[in-house]
Amino acid sequence: MTVYFIGAGPGDPELITVKGQRLIRSCPVILYAGSLVPEAVLAGHSAEQVVNTAELHLQAIVELIKSAHARGQDVARVHSGDPSLYGAIGEQIRHLRAHGIPFEIIPGVTATAACAALLESELTLPQVSQTVILTRFASKSEMPAGEQLHDLARHGATMAIHLGVNHLGRIVEELLPHYGADCPIAVVHRASWPDQDWVSGTLADIEENVRAKGFRRTALIIVGRVLGAEDFADSALYNETTRHLFRPAGDAGNKDSD
C-alpha cells in the first residue's frame, strides 16, 4: 500500500490535479483535513473509510494509517493547498519512515497562486521583482534565526505572508522601512472559496481597509511592487530579438517557433 499526501488546492474543488483527483476517487481510505479542505473535493470517491482529521492529534492519524497499512489499503491523505507548504506532513512522514510505510507526495495549487490569480497579478515582473518569499508571521512559535519578517523584508521582494491578518499592525510596522508607505499590499480572505473576498491598498492604509472588511482568519497577505504595476520592461522570453533553442536566429515572427 501507499500513503498519498495530496494537495487539494486552495478551496475550489476544481483546483486539484488530475492525479490527485484520481487517487481520491480510487483509494479505499481517505483522511482529509476538513478545516480547510471542502468535502466537495472528495466527490466521486468510493472509499470504505473517510475521516475528517481536523479534530485528531498526530498519533491518532498515524494509528489510522498504520491500520490501513496492516490491511494493505492505499490512503489518500488530503491536505489543503500544496502539502509541502505549511502542510505538517514532515512529522507524519517521519512516523511513516519509522514504520516502513511507503508514501508519495502529490503537489497542489498553493494559496499564493490562487491569490495572484484573484488579484490578476504576475508575482515576478522584470525590473520589479524576480523573487517571491513565502513565509508566515511568528505568533505561536518563533521563526528560525534570520527569518524574522524584518530580515526578509530587506530584500524588497514580493512576499506572501501566512497566518498574519490578526497581527497586521505589527506586520506593517516591520515592512514599512523596507517597502515604503506607498507600497501596494492586498489581503485575500479564503481565496477560491465561494465566499472569497479581498481588499487592496498600500502599507499606509491597509489596516483601515482590512478593519472595514472584518477579516480575522483564513487570509493571506501579499505585498510588493508587482501588485498593480504597469511600468515594467517586457520579458526577454517573447522579445523578437531574443534567440533561444525554440526560436533560433532567422525565425523572428515565426509563430510556429513560439
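Residues numbered from 1 in each chain as written. Predicted model: local features only at pLDDT ≥ 70, side-chain atom pairs only at ≥ 80, totals over all residues. Heavy atoms only, no water.

The cut-off we apply is this: UniProt positions are given in the numbering used here, feature names are shortened, and annotations may be inferred rather than shown by experiment.
As recorded in an unreviewed UniProt entry, the chain goes by the name Precorrin-4 C(11)-methyltransferase, listed as coming from Aquipseudomonas ullengensis. Database annotation for the chain, UniProt heading Sequence similarities (unreviewed entry): "Belongs to the precorrin methyltransferase family."

Points about the domain arrangement of the chain
To keep it simple, the criterion reads: Start and end positions for the domains come from either an automated domain assignment or a database one. Here the quantity called buried area is the accessible surface, traced with a 1.4 Å probe, that two parts lose on coming together, added over both. By salt bridge we mean one thing: a side-chain nitrogen of Lys or Arg within 4 Å of a carboxyl oxygen of Asp or Glu.
According to the domain assignment, the chain contains domain 1 (3-106) and domain 2 (111-227). Taking only C-alpha atoms, the centre of domain 1 and the centre of domain 2 are 29 Å apart. Between domain 1 and domain 2, the buried area comes to about 710 Å², and carbon and sulfur atoms account for 71% of it. Taken as a group, Pro10, Leu36 and Tyr86 account for 63% of the area that domain 1 buries against domain 2, more than any other trio of residues on that side. Linking domain 1 to domain 2 there are zero salt bridges.

Some details on the sheet that holds strand E4 (residues 75-79)
Under the convention used in this document: A pair of strands is treated as paired once DSSP finds two or more bridges between them. Helical segments are the DSSP runs of H or I of at least four residues, strand segments are the runs of E of at least two, and each set is numbered from the N terminus. Interaxial angle, 0 to 180 degrees, is taken between N-to-C directions of lines fitted to C-alpha atoms, where a helix line uses only the stretch in contact.
With parallel pairing, five strands are arranged side by side in an open sheet as E3-E2-E4-E1-E5. Of all the strands in the sheet, the pair left with one neighbour each is strand E3 (49-52) and strand E5 (103-106). If you compare each strand with its neighbour and ignore which way they point, the axes differ by 15° on average. Relative to E4, strand E1 (residues 3-7) runs parallel, the two being bridged by five bridges. Directly across from Tyr4, in E4, lies its bridge partner Ala76.

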